[in-house]
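Tertiary structure, described
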Amino acid sequence: MGLVQLLKSQFLSQLIICYVFLVSGLIVNLLQLCTLPLWLVSKQLARRINIRLGYCISSQMVAALEWWSGTECTLYTDPKSYPLYGNENAIVVLNHSFEIDFLCGWTFCERFGVLGSSKVLAKKELSYVPVIGWMWYFLEIVFCKRKWEEDRRTVAQSLQNLRDYPENYWFLLYCEGTRLTPKKHQISMQVAESKGLPKLKYHLLPRTKGFWVTVQNLRGAAAAVYDSTLNFRNNEMPTLLGILNGKKYHADLYVRRIPLELIPEDEAECAAWLHKLYQEKDSFQEHYTQTGRFPGPIVSPPRRPWALINWLFWCCLLLYLLGLLLTQLISSGSMLTILASLAFCSTGWFHAFMPKVKSP
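This is a predicted model, so every value here is computed, not measured. (Residues numbered from 1 in each chain as written. Predicted model: local features only at pLDDT ≥ 70, side-chain atom pairs only at ≥ 80, totals over all residues. Heavy atoms only, no water.)

1. What to know about the side chain of Q60
With respect to the secondary-structure elements, Q60 resides in helix α4 (residues 43–68). Owing to a relative accessible area of 3%, Q60 belongs among the buried residues under this scheme. Within the structure, Q60 has its side chain in polar contact with the side chain of S24 (distance 2.8 Å). Not counting chain neighbours up to four residues away, the residues in contact with Q60 comprise V20, F21, S24, N310, W311 and W314. (Helix = DSSP H or I, 4+ residues; strand = E, 2+ residues; numbered from the N terminus. Buried < 20%, exposed > 50% of the residue type's maximum accessible area, 1.4 Å probe, protein only. Polar contact = N/O pair within 3.5 Å; in protein donor to acceptor, adjacent residues only side chain to side chain. Contact = heavy atoms within 4.5 Å.)

2. Some words on the UniProt feature "transmembrane region" (unreviewed entry) in the protein
With numbering aligned to this structure, UniProt lists the feature "transmembrane region" (unreviewed entry) at residues 12–41, 311–330 and 336–354. From the first C-alpha to the last, residues 311–330 spans 28 Å; its make-up is 100% helix and 0% strand. (UniProt positions renumbered as here; feature names shortened; annotations may be inferred.)

3. Points about the state of the cysteines
Working definition: the covalent bond between the sulfur atoms of two cysteines is a disulfide. On inspection of all chains with the given rule, the structure shows zero disulfides. In this structure C144 is not part of a disulfide, and its nearest cysteine sulfur, from C175, lies 12 Å away. Free cysteine: C316, not disulfide-bonded; nearest cysteine sulfur from C315 at 6.8 Å. Here C316 falls in the exposed class, since its relative accessible area comes to 55%. (Disulfide = S-S within 2.5 Å.)

4. Overview of the packing of helix α2 (residues 11–34) against helix α12 (residues 306–332)
At a minimum axis distance of 10 Å, the contact between α2 and α12 shows a crossing angle of 100°. What the angle tells us is that α2 and α12 run roughly perpendicular. Between α2, through I16, I17, Y19, V20, V23, S24, I27 and V28, and α12, the contact on the second element is made entirely by W311, W314, C315, L318, L319 and L322. For the contact of α2 with α12, the residue count by class is 13 nonpolar, one polar and no charged. (Axes fitted to C-alpha atoms, helices over the stretch in contact; angles between N-to-C directions. Parallel < 35°, antiparallel > 145°, perpendicular 65-115°, else oblique. Nonpolar A, V, L, I, M, F, W, Y, C, P; charged D, E, K, R; others polar.)

5. Details of the environment of W136
Following the sequence through the fold, W136 ends up in helix α6 (residues 132–138). Residue classification places W136 among the buried positions, given a relative accessible area of 13%. Each C-alpha atom of the pair W136 and I187 lies 32 Å from the other, and the pair is 51 residues apart in sequence.

6. Focus on the sheet that holds strand β5 (residues 170–173)
Note on sheets: strands pair through backbone hydrogen bonds, and any given pair is parallel or antiparallel. Reading across from one edge, β4-β3-β5-β2-β6-β7-β1-β8 is the order of the eight strands in this open sheet, with mixed pairing throughout. The open sheet terminates on both sides in strands that have one partner only, identified here as β4 (142–144) and β8 (298–299). Examined bridge by bridge, strand β2 (residues 90–94) and β5 share four bridges and lie parallel to one another. Residue pairing for β5: I91 is matched across the bridge by F171. (Pairing = 2+ DSSP bridges.)

7. A closer look at the pattern of salt bridges
Overall, the coordinates contain 19 salt bridges when judged by the stated rule. Note that E267 and R152 form a salt bridge whose closest N and O atoms lie 3.9 Å from each other. Taken as a pair, E267 in helix α11 (residues 267–291) and R152 in helix α7 (residues 148–160) lie far apart in primary sequence, 115 residues in all. Assessed through its relative accessible area of 28%, E267 is described here as partly exposed. The exposure class of R152 is partly exposed, given its relative accessible area of 36%. Residues joined by salt bridges that share partners form a network here, namely D227, R256, K276, E280 and K281. (Salt bridge = Lys/Arg side-chain N within 4 Å of Asp/Glu carboxyl O.)

This is the structure in structure tokens:
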């Protein structure tokens, strides 16, 4: 293990990352709160400001993946579709098999300049969580309660609100609804058998109602569906803790652009279309398992420096302020105060990161 890798794996390094992320996130949340009056004057200006404020938070996690751990992302896609990425609104259908697949989705967004404006379908409870949840609230993320009768109306209304969004965005959608585990897969395939649906080897059955509502309400606003299938080389199962420790992974992402007009408008036909899509995704994963790569040519979108610059800015600012605070604590000579501060920081680290390495 080299010196740099050794430093990355130290508890102090992870504590600093946690401190910068949480404190900068709360500062950004406060700034977002200050934009509330602006929504009454100019909604589009308020949206543009919140896109950039949101980027200050989400790009830190992307920087941790790309620059701290050095994880590489290889994109397999049609070169004819490549110029359209980032220049149109799109619905991105991702498989949900890994702990950091959401982070790879964000990295995909960052490479094409839509990270700040990217959207997801998230549980309502997350809107109450500081930093990420509050950021999402101001970014008009679509929240659901997983109660279809209520969600059908509220989700549709939230999606309709995005039709006049001032900048290009990608709507990231996990149609499986939850992360793949052996137990969940077994239950899902029992459901597939009872419904007479083809069984999947690498995915759970997709939840078709949310997808249909999303497509119907974004017709005319989104141009395409990006069918995205993710895997990692050497059968690795990456974790957030691994990223914090500076462990390098190599992600492979296969993306197909499907024009939205090719997706049926009828709910039953749309559901059948989505099931067929997941059978194709399963075949792509089988191909990857056998050959170590996805079909099609490789395109390598370059890393953009802005996530790193943003991260370094917050690190310099907040570590400087922390240094001033520690200097005052030490000069006060109160050992009890010093120990209490260290205990508080340690508790914050465990609460912030340890729950994230568990399956939801």
